[in-house]
Amino acid sequence: MSKERLKNPPKKNLRKRIAAGWQVYLLLLLPLMYLIIFCYVPMGGLVLAFKDYTIADGIWGSAWVGFENFTTFFSSYKFPIVLRNTLTLAVYSLLVGFPIPIIFALLLNAFPKKRYGKVVQSITYIPHFISTVVMVGIIIQILNNRTGIYGNLYMLLTGQTAEDILAKGNLFKHIFVWSGVWQSTGYNAIIYIAALSSVDQSLHEAACIDGATRFQRLLYVDWPCIRPTAVIMLILAAGGIMNVSFEKALLMQNDLNIAYSEVISTYVYKVGLQKGIGDFSLSTAIGMFNSVINFILLMIVNAISKRLTNESIF
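Fair warning: this is a prediction, and the values are worked out from it, not measured in the lab.

**Student:** Which parts of the structure should I look at to understand the overall build of the protein?
**Tutor:** A tally of regular secondary structure across the protein gives 18 helices and 2 strands. At 26 Å, the protein has a C-alpha radius of gyration far larger than the 20 Å of a compact globule built from 314 residues. Across the 314 residues in the protein, those meeting the buried criterion constitute 32%. Considering only residue pairs separated by 6 or more positions, the protein has 61% of its internal contacts joining residues 24 or more positions apart. When the accessible surface of the protein is totalled, it reaches about 20100 Å², and 67% of it is carbon and sulfur. Computed over 26 positive and 15 negative side-chain charges, the inter-centroid distance for the protein is 12 Å.

Put into structure tokens, the structure is as follows:
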């Protein structure tokens, strides 16, 4: 056998490779079918954004209107309101909700009592498994100005009825974001805790010999090891920055805070399904606009990350 043949052995054709690992491909079949049926096939419905859809004519029989639906949305008085609210909640959530799980994971990893650290870790996971409906119900019950914990404490300390903070629009973003931080911090920290578990302990030992404090070890040993993971998570978070939680925003809305709580996802729902409007074409156009912005942000953040840190998802 020639030396070149040994260096470059012939590759198996695709059919033989599939036959050799058919069990793996069989396991991939169900998730692949799920993606095709529920993710790729529905994308054909995006054509509604460029049509004047009517049920009688159907998706393909409805008249083409080009970018008329987008023009209608951009010229609507609701456009600056929902865009401002969406960006406010999204950026606020990212600035607060992204670093806190990292800090929590680093502090938990540095905790000397590992048994107590596991207890804290388990307790912080629990809120993630509370459904959005139940979570909003808890928020409303706690912050109720008459019967909630907030209202009772205020009455006890001042002797007066508390202000209804759920009706104050300017406080909506703080309640929305910080309740989300409380609910998701423990769960979001899992991936960072897993990354920290793979840190070579000899690095810590060498740092201790050199006289490094625990904070210095956290800063110069732990953080560099999880930084690639954090960068990838930041890129993915930026790609979904416009996807503000629809259920939570809708359930927390009321007539007094609607000017601050109406986001793109809730507006799409109301235009398409609520209040008898039923304008599926306009709601599709709004949803498509939201997805395009997410895609552009994903590409921009990925390019910046690749240039600055050499870390990227593609």
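**Student:** Can you help me understand the packing of aromatic side chains in this one?
**Tutor:** Given two aromatic rings, one states the distance between the centres and the angle between the planes to describe the pair. For the structure on display, the rule yields 16 aromatic pairs. Pairing Phe73 with Phe74 gives two aromatic rings, centres 5.8 Å apart and planes at 45°, and the pair type is tilted. On the numbers, 5.0 Å between centres and 85° between planes, the contact of Phe73 with Phe79 is edge-to-face. Residue Phe73 is classed as buried on the basis of its relative accessible area of 2%. Look at Phe79 and you get buried, because its relative accessible area is 18%. Put simply, the rings of Phe73, Phe74, Phe79, Tyr267 and Phe289 pair up and form one aromatic cluster.

**Student:** What exactly am I supposed to notice about the state of the cysteines here?
**Tutor:** Note on terminology: a disulfide is the covalent bond linking the sulfur atoms of two cysteines. The full count for this structure, using the stated rule, is 0 disulfides. The thiol of Cys225 is unpaired, and the distance to the nearest cysteine sulfur, on Cys208, comes to 14 Å. Among the residues examined, Cys225 registers a relative accessible area of 34% and is labelled partly exposed.

**Student:** Teacher, can you tell me more about the pattern of salt bridges here?
**Tutor:** For side chains of opposite charge, pairing can occur when their charged atoms come near one another. For the structure on display, the rule yields 4 salt bridges. Here Lys78 and Glu262 are joined by a salt bridge, their closest N and O atoms 3.6 Å apart. Residue Lys78 is found in helix H6 (residues 78-97), and its partner Glu262 is found in the loop between helix H16 (258-261) and helix H17 (264-272); the two are separated by 184 residues along the sequence. Of the two residues, Lys78 and Glu262, neither departs from the other in class, the shared state being buried. With a closest N to O distance of 3.5 Å, Asp222 and Arg214 form a salt bridge. Linked through salt bridges whose partners overlap, the residues forming this network are Lys78, Glu262 and Lys270.

**Student:** Would you take a moment to explain helix H11 (residues 169-188) for this structure?
**Tutor:** Within an α-helix, residues lying three or four positions from one another point in the same direction, as the helix has 3.6 residues per turn. Spanning 20 residues, H11 covers 28 Å between terminal C-alpha atoms, matching the ideal 28 Å at 1.5 Å per step. The sharpest bend along H11 comes to roughly 35°, located at Trp182.

**Student:** What is the right way to read helix H5 (residues 68-75) from this model?
**Tutor:** Those residues of H5 not exposed but buried are Asn69, Phe70 and Phe73. The arc that holds every buried residue of H5, seen down its axis, measures 100°, which confines them to one face. In this fold, the buried residues of H5 make contact with strand E1 (51-52), H6, H17 and helix H18 (280-309).

**Student:** What am I meant to see in the side chain of Asn302 here?
**Tutor:** When you line up the elements, Asn302 lands in helix H18. Apart from residues no more than four positions distant in its own chain, Asn302 is found in contact with Ile235, Ser312, Ile313 and Phe314.

**Student:** It is not clear to me how the nonpolar core should be interpreted in this structure. Could you clarify?
**Tutor:** General note: in soluble globular proteins, nonpolar side chains tend to be found buried as a group. Counting 30 residues, the largest nonpolar core has Phe73, Phe176 and Ile286 as the members making the most contacts within it. Contributions of two or more residues to this core are made by H6, helix H9 (132-143), H11, helix H15 (246-252), H17 and H18. The residues touching Phe73, leaving out its near neighbours within four places in the chain, are Phe79, Val82, Tyr267, Leu282, Ile286 and Phe289. In terms of nonpolar packing, the next biggest core, distinct from the first, is built from 18 residues, Ile102, Leu108, Ala189 and Ala230 among them.

**Student:** Would you explain the side chain of Asn290 in this entry?
**Tutor:** Relative to the assigned elements, Asn290 resides in helix H18. A residue is classified by how much of its surface remains accessible, and Asn290, at 9% relative accessible area, is buried. Filtering out sequence-adjacent residues up to four positions away, Asn290 remains in contact with Met242, Asn243 and Ile264.

**Student:** Help me understand the packing of H9 against H11, please; the structure alone is not making it clear to me.
**Tutor:** Packed helix pairs are specified by the crossing angle of their axes together with the interaxial distance, meaning the distance between the axes. Packing of H9 against H11 brings their axes to within 12 Å, and their N-to-C directions diverge by 120°. Taken as axis vectors, H9 and H11 run oblique relative to one another. In the crossing of H9 with H11, the sense of the turn from one axis to the other is right-handed. Residues Met135, Ile139 and Leu143 of H9 form the contact with H11, whose participating residues are Ile175, Ser179, Trp182 and Gln183. For the contact of H9 with H11, a count of residues per class yields 5 nonpolar, 2 polar and no charged.

Rules behind the numbers
- Residues numbered from 1 in each chain as written.
- Predicted model: local features only at pLDDT ≥ 70, side-chain atom pairs only at ≥ 80, totals over all residues.
- Heavy atoms only, no water.
- Helix = DSSP H or I, 4+ residues; strand = E, 2+ residues; numbered from the N terminus.
- Rg over C-alpha atoms; globule rule 2.2 N^0.38 Å.
- Buried < 20%, exposed > 50% of the residue type's maximum accessible area, 1.4 Å probe, protein only.
- Contact = heavy atoms within 4.5 Å.
- Areas by Shrake-Rupley, 256 points an atom, 1.4 Å probe, with all protein chains shown as cover.
- Lys, Arg positive; Asp, Glu negative; His and termini not counted.
- Charge placed at Lys NZ, Arg CZ, Asp CG, Glu CD.
- Phe/Tyr/Trp six-rings, centres within 6.5 Å; stacked < 30°, edge-to-face > 60°.
- Disulfide = S-S within 2.5 Å.
- Salt bridge = Lys/Arg side-chain N within 4 Å of Asp/Glu carboxyl O.
- Expected span 1.5 Å × (residues − 1).
- Bend = angle between axes of the 7 residues up to and from the residue.
- Arc of directions from axis to C-beta.
- Core = buried A, V, L, I, M, F, W, Y, C linked by side-chain atoms within 4.5 Å.
- Axes fitted to C-alpha atoms, helices over the stretch in contact; angles between N-to-C directions.
- Parallel < 35°, antiparallel > 145°, perpendicular 65-115°, else oblique.
- Left-handed = near helix turned anticlockwise from the far one by under 90°.
- Nonpolar A, V, L, I, M, F, W, Y, C, P; charged D, E, K, R; others polar.

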